[in-house]
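# Report on the structure
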Amino acid sequence: AIISKGENNAVWYYRILPWLYLGRQNYEITVTVVNPANLNAFEAVIPGFDVLVIQRPSARRDYEAMLLAKQYNVRVLVDYDDLLFQVPNVNIAAQHFGKDEVQETILNCYKLADHVVVSTDPLADYIEQAFGKRPQVINNAHNDIVMPVFQTAMNEPKNGISTVLWRGSNTHLGDLMKYRDAFQDFANIDFHFWGAAPDLAIGRDYGGHMDTWNYKPWHPGMPDYFERGKMLKPNFVVVPLQDDPFNRCKSNIGWLEATYFGAVCLASCLPEFEKPGVVLVNDSDSLHAWFKDIDEDFTQRELLFYDSVQEIKKNYLLSRV
């Protein structure tokens, strides 16, 4: 039994959807999506399962559902893709996860779990140090069941103009602000921002350096997101993240998505992005230097793109993971 919560966003796509494909491909496993909104209805069906899977439980209803499952001798597997125990205040999600009662619920859910799965080694390191037992690491992966084909070559600039894409929710505006000095108006770079509106972080009216950029708000639907990414044909996808415990535990899906889009990933120098083909930057100055280099003399960086494709095919395909 897989608990589905909220919209089918990136968390669902990378951490919940793979269980459904596991059920499709393994005839010894039957996977069913359940919803604990009505606990009476949930109690009526949960005894028929062997395992309950729940992703990042933090609400009282999550705990109640887990407890009911345990009372009916159903094993509970908890999955974490973020360091919920230490969300920085600059991240808007801290307004929820930073509450004492929420932190207590997260801790109680963790204690109640029979098995814990996380998305990265740094996240496993943190949990092991905090609680004395190491969880299992199952990395996020490119869904080659849905999208089996990678481009054979990196996207080329359009009429000499390179396209740079930033994608992220409003939880990343603090990260974007940290790197704001890198984002300036370049003659030969076309910046695109998808998800959160970047105005406060990069706009000249608010202390940034940019006057114009392209912006698209988040639209529900993961297949549509990947299709739009392919249609944009970015040359680079930029993932600027502040170096803090929360971000050091984050996964490298920005790199996975950049490569599928046909782009090279420019990312902060954090453990999960130390992968073949990723261009690592330490701060806004080094990111700005890369933007300036791209603007002045774009050299096709085919080898970087090729290295990323090969690494993902070897270690980060969902069919393998």
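Attention in this report is confined to the structure presented alongside it. (Residues numbered from 1 in each chain as written. Predicted model: local features only at pLDDT ≥ 70, side-chain atom pairs only at ≥ 80, totals over all residues. Heavy atoms only, no water.)

## Regarding the overall build of the chain
- If you tally the helices and strands in the chain, you get 13 helices and twelve strands.
- At 21 Å, the chain has a C-alpha radius of gyration in line with the 20 Å of a compact globule built from 321 residues.
- For the C-alpha atoms alone, the extent of the chain along its principal axes is close to 65 × 40 × 35 Å.
- Contacts in the chain between residues far apart in sequence, at least 24 positions, make up 69% of those at least 6 positions apart.
- Carbon together with sulfur atoms contributes 49% to the accessible area of the chain, which is approximately 15200 Å² in total. (Helix = DSSP H or I, 4+ residues; strand = E, 2+ residues; numbered from the N terminus. Rg over C-alpha atoms; globule rule 2.2 N^0.38 Å. Contact = heavy atoms within 4.5 Å. Areas by Shrake-Rupley, 256 points an atom, 1.4 Å probe, with all protein chains shown as cover.)

## Examining the pairing of strand β10 (residues 236-239)
- The side-chain alternation of β10 yields two buried faces, one formed by Phe236 and Val238 and the other by Val237 and Val239.
- Two strands pair when backbone bridges link them, and β10 and strand β11 (residues 264-268) are joined in this way by four bridges, in the parallel orientation. Bridge pairing in β11 links Phe236 to Val264. (Buried < 20%, exposed > 50% of the residue type's maximum accessible area, 1.4 Å probe, protein only. Pairing = 2+ DSSP bridges.)

## What to know about the packing of helix α9 (residues 222-232) against helix α11 (residues 253-261)
- Axis separation between α9 and α11 bottoms out at 8 Å; the angle between their running directions is 55 degrees. Here α9 is positioned oblique relative to α11, judged by the angle of their axes. The residues of α11 that touch α9, namely those facing Tyr225, Phe226, Gly229 and Lys230, are Glu257, Tyr260 and Phe261.
- Taken together, the residues of the contact of α9 with α11 break down into four nonpolar, one polar and two charged. (Axes fitted to C-alpha atoms, helices over the stretch in contact; angles between N-to-C directions. Parallel < 35°, antiparallel > 145°, perpendicular 65-115°, else oblique. Nonpolar A, V, L, I, M, F, W, Y, C, P; charged D, E, K, R; others polar.)

## Re the pattern of salt bridges
- Applying the stated criterion to the full structure yields 17 salt bridges.
- Residue Arg56 pairs with Asp81 through a salt bridge whose shortest N-O separation is 3.0 Å. Taken together, the residues span a long stretch of sequence, with Arg56 in the loop between β3 (51-55) and α3 (60-71) and Asp81 in the loop between β4 (75-80) and α4 (94-97) at a distance of 25 residues. Each of the two residues, Arg56 as well as Asp81, counts as buried.
- Taking the shortest distance from any N to any O, the salt bridge between Glu64 and Arg61 comes out at 3.0 Å. (Salt bridge = Lys/Arg side-chain N within 4 Å of Asp/Glu carboxyl O.)

## Some details on the sheet that holds β10
- Pairing in this open sheet of six strands is parallel, and the strands run β9-β8-β7-β10-β11-β12 from one edge to the other. One side of each edge strand has no neighbouring strand; the edge strands of this open sheet are β9 (214-217) and β12 (279-281). Going from strand to strand, the sheet's axes swing by 20 degrees on average, the running direction of each strand aside.

## A look at the packing of aromatic side chains
- Across all of its chains, the model carries 24 aromatic pairs by this definition.
- Judged by centre distance (6.4 Å) and plane angle (25 degrees), the ring pair of Phe191 and Phe193 falls under stacked. Judged on exposure class, the residue Phe191 and its partner Phe193 are both buried.
- Members of the aromatic cluster, joined through ring pairs, are Tyr13, Tyr14, Phe150, Trp194, Trp218, Tyr225, Phe226, Tyr260 and Phe261. (Phe/Tyr/Trp six-rings, centres within 6.5 Å; stacked < 30°, edge-to-face > 60°.)

## Observations concerning the nonpolar core
- By size, the foremost hydrophobic cluster in this structure holds 56 residues, and its most contacted members are Phe183, Phe191, Phe226, Phe273, Leu287 and Phe291.
- Those residues within four positions of Leu287 in sequence are excluded, and the remaining contacts are Tyr179, Ala182, Phe183, Val238, Pro240, Leu266 and Val281.
- Listed in part, the 37 residues of the second largest apolar core include Met66, Val76, Tyr80 and Ala124. (Core = buried A, V, L, I, M, F, W, Y, C linked by side-chain atoms within 4.5 Å.)

## Section: helix α5 (residues 100-112)
- With 13 residues, α5 extends 18 Å between its outermost C-alpha atoms, agreeing within 8% with the 18 Å of an ideal straight helix rising 1.5 Å per residue.
- Packing partners of the buried residues in α5 comprise α3, β4, α4, β5 (115-118) and α6 (121-131). (Expected span 1.5 Å × (residues − 1).)

## Looking at the state of the cysteines
- In this structure the tally under the stated criterion is zero disulfides.
- In this structure Cys109 is not part of a disulfide, and its nearest cysteine sulfur, from Cys249, lies 19 Å away.
- The exposure class of Cys109 is buried, given its relative accessible area of 0%.
- Of all cysteine sulfurs in the structure, the one in Cys269 sits closest to Cys249, which takes part in no disulfide; the separation is 15 Å.
- You can call Cys249 buried: its relative accessible area is 4%. (Disulfide = S-S within 2.5 Å.)

## Overview of the packing of α11 against helix α13 (residues 302-315)
- One way to put it is that α11 packs onto α13 with a least axis distance of 10 Å and a crossing angle of 115 degrees. As judged from the angle between their axes, α11 and α13 are roughly perpendicular. Regarding α11 and α13, the two cross each other, and that crossing is left-handed. Contacts between α11 and α13 pair Trp255, Leu256 and Thr259 from the former with Phe305, Ser308, Val309, Glu311 and Ile312 from the latter.
- Its residues placed into classes, the contact of α11 with α13 shows five nonpolar, two polar and one charged. (Left-handed = near helix turned anticlockwise from the far one by under 90°.)

## Concerning unusual backbone geometry
- Its identity is not glycine, yet Arg56 carries a phi of approximately 35 degrees, on the positive side.
- The phi torsion at Lys233 lies on the positive side, around 55 degrees, for a residue other than glycine.
- Relative to the assigned elements, Lys233 resides in the loop between α9 and β10.

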